[in-house]
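# Architecture at a glance
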Amino acid sequence: MASLSPILAPILAHTENHPIPDGEVRLLGAVRQVTGAMTRVETGRHRLLVDCGLAQGHDSMVFPDAARDVDALVLTHGHLDHIGNVPTLLEGGFDKPIYATQATLQIAKLSLEDSLGMQRASDREIARFLEHFQKLSRPLPYEQRVDLFGDSRVSLSFHEAGHILGSASAEILSSASRVIVSGDLGRPDSPILRDPNTAWEKGRPVDVVVMESTYGSRDHDHSHDDIERDLERILKDAILHKAKVLIPAFAIGRTQTLLWFLNNLVEAHRIPPVPVFIDTPMGLAVTNTYRHFQRLFDKESLDKLARGDDPLDFADLFEIKKGKDSHRLDDIEGPMIIIAGSGMVTGGRIIGHMIDGLPNPHTTVLFVGYQAEGTPGRRIQDAAKHGGRVRLNGEEVTVRARIATLKGLSAHADRKELLAWLGHIPDVRRVALHHGDVAAQESFVSWASGQRTEHAAHASHGPAHSHGEPTTEA
């Protein structure tokens, strides 16, 4: 394993512009918020845009003109807060290459097709966009440096980020500069996915690392064993009471992680037999994409496959493809588990199941992700505390169901894991935080400064003395 280096470079929060020897790194999105990632990298005469994300929830952004005149687009992964503005870019006349891993390009097509449909784009408009996107797409494998413009001036390589299937950190190298954009970083030892890369090439300094900071202010306090035990307890209780378990889940990443945990519980006979229905067309398409790219799975999942155990499949798992079959589930008695989108109950088939199930005290609603302020998911959580009501699809629905939350399923590294990832990169000159709210970024700066001071204090009592002063800025 690569060794960790103390981070002596300045760490800057919510700062847009960062000079490099032959140009500039400019944060165009997610500067003071989590969503809308968009970073412009200028090296000499070439300009790259890394991610083209959409602001979501209470976050906001205006599509920047500085994103339009770039020579190539680089995508780190297929979540909408990193790709959702690609249609806007293409509509504005962008006709240059789009680089990503092959898995990211496939997930991006599914995600953008779904997003355009939600925006009521016509079938013809969606087909035209997908054709254009496919024409511009340039898939790149991990760990292979590619000359982008044929003049040996700028190269790009992707490294595993461990966030969702195909996710990558982008390393951009010119004759004078080296820049790494983390993308979203996953947690080490996460189900299905390989760990984020820690083997970085030495010999050249890294002028700027642009690093996400979603959880820059906190540590995750639930291990994967904790998650599995909590899920087992919640499901056993629901099955005992012959309840329906409704699980709102995001189609990309969260649905597949849930299937992995359910597979473990079913194969080990830790829960009684119960039918599980995947009632999300998008989730089914993404799960099939995961199966297609099984070569990107981690060792544990590959070992399962070698033994004949598909980690995303098990007895009594059923796919619901047609809307009429989704409605029929509401007429069937429990126990059963229904996984449906969307994850914050903002749309999708979960709405119908909630309208039917929330008034029933024998229903269990299991939230497996953060419910943002103002979303129907958050309103359901709040209403459950005092037997209130929520409005879904124009209907007032009383909340009598049991509401549970499975904590710890985040696909984002916490502050310790972020700092550890950063510590594997040699000779970093500057760190630019983004993809985190202001409080999270500033908290990480302060906490990292304390960690460096503590490291220096320990080092001063050892054989090697550190004379570097911590230099963090907010």
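Quick note: structure is the one above.
The paragraphs below set out a description of the structure included in this document. The structure presented is a predicted model; accordingly, all values stated were derived computationally and were not measured. (Residues numbered from 1 in each chain as written. Predicted model: local features only at pLDDT ≥ 70, side-chain atom pairs only at ≥ 80, totals over all residues. Heavy atoms only, no water.)

### Regarding the sheet that holds strand β15 (residues 276–278)
- Taken in spatial order, the six strands make up an open sheet running β16-β15-β17-β14-β18-β21, and their pairing is parallel. Each edge of the open sheet is held by one strand with a lone partner, namely β16 (317–319) and β21 (402–405). Taking the axes of each pair of neighbouring strands and ignoring which way they run, one obtains an average angle of 20 degrees across the sheet.
- Bridge analysis of β15 against β16 gives three bridges, and the strand direction is parallel. Counterpart to Ile278 in the pairing with β16 is Glu319.
- Sheet strands in contact with helix α11 (residues 376–384) are β18 (364–367) and β21, and its direction is about 120 degrees off that of β21. (Pairing = 2+ DSSP bridges. Helix = DSSP H or I, 4+ residues; strand = E, 2+ residues; numbered from the N terminus. Axes fitted to C-alpha atoms, helices over the stretch in contact; angles between N-to-C directions. Contact = heavy atoms within 4.5 Å.)

### With respect to the packing of aromatic side chains
- Tallying each qualifying case throughout the model produces five aromatic pairs.
- Here Arg194 stacks its cationic end above the ring of Tyr142, 5.0 Å away from the centre of that ring.
- Geometry around Trp260 places Lys304 over its ring, the cationic atom sitting 4.8 Å from the centre. (Phe/Tyr/Trp six-rings, centres within 6.5 Å; stacked < 30°, edge-to-face > 60°. Lys NZ or Arg CZ within 6 Å of the ring centre and 35° of its normal.)

### Remarks on the side chain of Ser111
- In this fold, Ser111 is placed in helix α3 (residues 102–118).
- Sequence-distant contacts of Ser111, defined by excluding residues within four places in its chain, comprise Gly78, Leu80, Ile83, Ile252 and Met282.

### Some remarks on the nonpolar core
- Residues Leu156, Phe158, Tyr290, Ile337, Ile339 and Leu366 are the most contacted members of the largest nonpolar core, which totals 71 residues.
- For Leu156, the residues in contact, after removing those within four places along its chain, are Val74, Tyr99, Leu140, Gln144, Arg145, Val146, Leu148, Ala170, Glu171 and Ile172.
- Counting 26 residues, the second largest nonpolar core, distinct from the first, contains Leu28, Leu73, Leu89 and Ala100. (Core = buried A, V, L, I, M, F, W, Y, C linked by side-chain atoms within 4.5 Å. Buried < 20%, exposed > 50% of the residue type's maximum accessible area, 1.4 Å probe, protein only.)

Remember, this is a structural readout, not a statement about activity or role.
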